[in-house]
Amino acid sequence: MPGLSKWAIRRPVVALIAWVIALGAIVGLGSQLGGALNDSFSLPATESTAAQELLSNGGDGAAGSGAGARIVWSPTALSSTPTGGAVDPLVLSEITPVLQQIADLVSVSCVTLPTGAGLGPNCPAAPAGMTPDQLKGLPQDQQEAINDAGAAFAAASSAVSPDGSVAYSNVTFVDGVVSAGDATAFLAAIKSANTDQLQVGASGQALEWAAQEPPKSEGIGIGVAIIILLIAFGSVIAAGMPIFVAVVGLAMGQMAVLLVANFLDVATFAPTLAAMIGLGVGIDYALFVMNRFRQAVLAGHQPKAAALESVETAGRAVLFAGGTVIIALLGLFVLRINFFDGLAVAAAMTVLMVMLSALWMLPALLSLLGNKALGIRLPWGKKPGKVHPEGKRWAQYGHGLQRRPWLTTIGAVVVIVVLAIPVLSLRQGFADDSGKPEGSSSRIAYDLMSSGFGPGVNGPFFAAVKLPAPNDVTAFTTIVTGLSEAEGVAAVLPTAQMVPLIAMNPDSFGPDGTVATIMITPNSAPQDAATTALLDRLRSEVNPGLEASTGAEIYIGGAQAITSDFTTVLTNALPIFLLVVVGLGFLALVLLFHSLVVPLTAAITSLMSFAAAMGITVAVFQWGWLAGPIGISGTGPIMPFLPIMVFAILFGLSMDYQVFLVTRMQEEWARTGDNAASVRRGLAGSGRVVMIAAAIMASVFLAFVPTPDSTIKLFGISLASAVIIDAFLVRLVLVPSLMSILGKANWWLPNWLDRILPRVQIEPGADEIEDGDYAGGASDGGDLPGGEVVRDQVSV
């Protein structure tokens with residue numbers, strides 16, 4: 001990669017033309033051949049997967065799949081409809097035109113009605129009951145059983161709540177898919193139906209992204225980054241260069257994400273998450289290269305020589321740091337879950353593109369622009385060719401840390417531990433519509449269904465039953481009865497009373513007569529701990545007893561069951577993931593620094609940053625702290641994939657800051673053998689640029705918090721907290737304090753290992769600098785307090 005950067009500097013016009021061609025090719029391919037995004041995932045060897053597979057094979061694969069949508073309504077002025085409630089003629093006269101409008105959409109197959117035949121081109125015929133003449137030929141007890149079953153079926157499957165206040169219609173889509181235009185029209189019709197007399201909502205996974213505006217968070221993050229860079233560089237052009245380079249790289253990354261969707265399942269929120277990560281690291285990577293170029297120019301180097309110096313130093317660090325982030329992200333493949341594979345490749349491709357932009361396009365631009373890259377100087381900006389001592393304040397800060405390193409170390413650890421305390425109550429699960437903003441269509445539907453039919457109706461379980469023999473009504477009745485009597489179950493469908501009527505349909509138990517479905521409605525809401533406890537009780541206590549007594553096989557599925565299984569799979573895979581990611585990061589740092597203590601410190605402190613960030617996340621999203629100002633309308637469990645994704649991203653970013661900071665310390669250690677001075681000079685040389693980079697990164701992440709998408713909001717808070725804690729508390733306080741205490745032990749490596757490990761340098765050796773690369777030579781900085789000298793460094 002340094003060779004690519006050198007080529008871009010020496011032949012900038014050719015390099016930029018090649019870059020534009022590459023950009024056009026990727027954008028063209030992504031726009032024309034991009035795949036479809038989807039949130040599907042499979043969990044190998046789990047009970048919820050077994051349940052879905054059994055139902056699919058038995059011809060009832062739609063059970064629990066979440067396909068379609070539901071429209072819910074309730075009159076808000078019941079005094080005007082004292083008898084009919086939600087199905088009063090006055091209410092129906094208001095809601096039926098809305099249902100018809102939705103039924104007329106091209107994507108809609110049918111809209112059911114709680115009072116009769118459905119609306120739409122493909123509504124199924126109502127099931128035919130037995131005629132009186134057919135009943136007359138049956139024994140009296142069988143006639144009564146069938147009549148009771150019919151009454152029970154009508155009551156249990158009614159789309160009107162027991163008190164009559166709430167009713168709903170189910171919507172099915174053609175081939176289970178709704179177009180973006182129809183989804184938008186669907187929600188617009190629902191929104192317009194809300195009046196002072198009628199409250200209407202709609203829910204369904206297919207509608208999730210329809211009403212959301214294109215995210216504007218990138219613009220907010222870029223605006224904050226520009227302000228920080230203008231203050232730091234004192235030049236409009238210099239401040240704009242990292243932004244421009246990052247945005248171009250991000251555009252390539254977004255198109256690459258669409259290409260990846262052709263081969264892997266890529267979640268609908270993956271492009272936004274990749275944009276969040278790519279924009280942050282892209283600006284940081286370009287910042288490090290641009291900062292080193294500016295330092296060299298201000299120290300008196302010719303622009304082309306300064307560009308070569310920047311890619312030989314900061315460029316190598318960017319390559320190492322970007323590679324670490326990509327490795328950490330691709331480490332998610334060890335989980336062997338397709339959902340993570342798509343996220344990992346999407347984010348890694350975006351990081352790769354912004355890294356290439358910083359190491360290919362930026363060096364070419366610097367070479368082409370020369371001193372103009374620092375143009376449009378602001379009043380506080382510095383003139384090229386004038387040496388300015390760097391790091392006086394940071395050197396003083398380093399002296400302050402080293403006066404009482406034990407105090408600052410203990411203080412930093414205490415703060416991190418306090419921030420991490422909430423993580424002990426971490427509860428994982430997928431967010432439901434109770435966390436949506438109040439007044440939103442999905443929140444209205446959730447609240448109405450809960451009030452009319454009970455909280456568990458929004459998150460039922462599905463029991464997939466493999467009967468011991470075809471049409472074994474006795475076994476099925478025993479299972480239905482046993483599940484209905486389990487603690488925490490509000491209702492089951494079908495009930496035991498319905499079984500005689502179901503048994504009369506030859507297709508009720510699938511093509512081979514051995515597969516049945518039972519819907520289990522809990523007493524508690526989907527996100528309540530009691531619902532998770534019910535799942536555990538069904539699987540560990542109730543079902544084994546029923547299987548033993550009937551010979552059937554019972555598998556519990558549904559959204560909440562998938563959540564539980566997802567968490568279990570991640571928990572089991574976490575040790576392997578940590579071993580791979582942390583292990584590879586540790587080995588890379590051992591190779592880079594020829595030390596065991598520095599990499600060990602980096603790994604442990606990264607885990608500490610992660611724990612503190614997750615503690616903040618739990619406090620905000622699970623406990624509700626600062627939920628109002630942040631715009632969180634409801635609390636609940638943390639998505640099970642968040643911790644492992646945040647760690648993968650954080651570990652890569654924390655290694656970035658560790659490399660940029662400790663590399664300077666290693667340079668001084670190799671030159672002087674003085675650990676205390678090396679720590680101070682490392683802070684003086686890299687402390688400020690790490691602080692600026694982290695401030696930009698955190699600003700980009702926080703800019704995504706106002707988005708209405710709860711998943712992106714969750715990632716924004718978690719990643720911003722992680723960066724702030726890791727950079728400002730861990731890398732700039734805890735690590736230098738700890739390294740000051742450890743002294744020479746920081747750089748210890750067994751002699752035999754030191755001899756066999758190859759030498760990997762971020763800063764080039766003298767033999768790597770070609771003749772003519774540096775026109776203008778080295779220039780000394782000023783003496784810092786305490787007699788320290790930071791060579792070739794100028795203030796950011």
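In this text the structure is predicted, and so the values were computed from the model without any measurement.

**Details of the overall build of the protein chain**
Broken down by element type, the protein chain carries 26 helices and eleven strands. Within the protein chain, counting contacts between residues at least 6 apart in sequence, those at least 24 apart form 81% of the total. Surface exposure of the protein chain reaches about 32000 Å², of which carbon and sulfur atoms provide 62%.

**A short note on the pattern of salt bridges**
It is possible for side chains of opposite charge to pair when their charged atoms get near one another. In this structure the tally under the stated criterion is ten salt bridges. Note that Asp447 is salt-bridged to Arg443, the shortest N-O span being 3.1 Å. One end of the pair is Asp447 and the other is Arg443, both in helix α16 (residues 441-453) and four residues apart, which spans about a single turn. On the accessibility criterion, Asp447 (36% relative accessible area) is partly exposed. Residue Glu668 is joined to Arg681 by a salt bridge in which the shortest nitrogen-to-oxygen separation is 3.3 Å.

**Some thoughts on unusual backbone geometry**
Following Leu493, the chain continues into Pro494 via a peptide bond in cis, with omega recorded as 5°. Note on placement: Pro494 falls in the loop between β7 (489-493) and α18 (499-503). At Asn471, a residue that is not glycine, the phi angle is positive and equals roughly 55°. By the element assignment, Asn471 lies in the loop between β6 (461-466) and α17 (473-484).

**Comments concerning the nonpolar core**
Formed by 169 residues in total, the largest nonpolar core has its most connected members in Phe340 and Phe715. With residues up to four places along the chain from it excluded, the contact list for Phe715 reads Phe269, Leu273, Met276, Phe641, Leu642, Met645 and Val646. Counting 30 residues, the second largest nonpolar core, distinct from the first, contains Ala69, Ile71, Val91 and Val171.

**Focus on the pairing of strand β4 (residues 167-173)**
When you tally the buried positions in β4, you get five out of seven residues, the bulk of the element. Relative to β4, strand β1 (residues 69-75) runs antiparallel, the two being bridged by five bridges. Bridging across to β4, Arg70 finds its partner in Asn170.

**Description of the packing of aromatic side chains**
The description of two aromatic rings rests on the distance between their centres and on the angle between their planes. As enumerated under the stated definition, the model contains twelve aromatic pairs in all. For the ring pair Phe577 and Phe647, a centre distance of 6.2 Å and an interplane angle of 75° mean the geometry is edge-to-face. Of this pair, Phe577 sits in helix α20 (residues 559-593) while Phe647 sits in helix α23 (residues 642-672), placing them 70 residues apart in sequence. Each member of the pair, Phe577 together with Phe647, is buried. An aromatic cluster of three or more residues is present, and its members are Phe577, Phe610, Phe647 and Phe651.

What counts, and where the lines are drawn
- Residues numbered from 1 in each chain as written.
- Predicted model: local features only at pLDDT ≥ 70, side-chain atom pairs only at ≥ 80, totals over all residues.
- Heavy atoms only, no water.
- Helix = DSSP H or I, 4+ residues; strand = E, 2+ residues; numbered from the N terminus.
- Contact = heavy atoms within 4.5 Å.
- Areas by Shrake-Rupley, 256 points an atom, 1.4 Å probe, with all protein chains shown as cover.
- Salt bridge = Lys/Arg side-chain N within 4 Å of Asp/Glu carboxyl O.
- Buried < 20%, exposed > 50% of the residue type's maximum accessible area, 1.4 Å probe, protein only.
- Core = buried A, V, L, I, M, F, W, Y, C linked by side-chain atoms within 4.5 Å.
- Pairing = 2+ DSSP bridges.
- Phe/Tyr/Trp six-rings, centres within 6.5 Å; stacked < 30°, edge-to-face > 60°.

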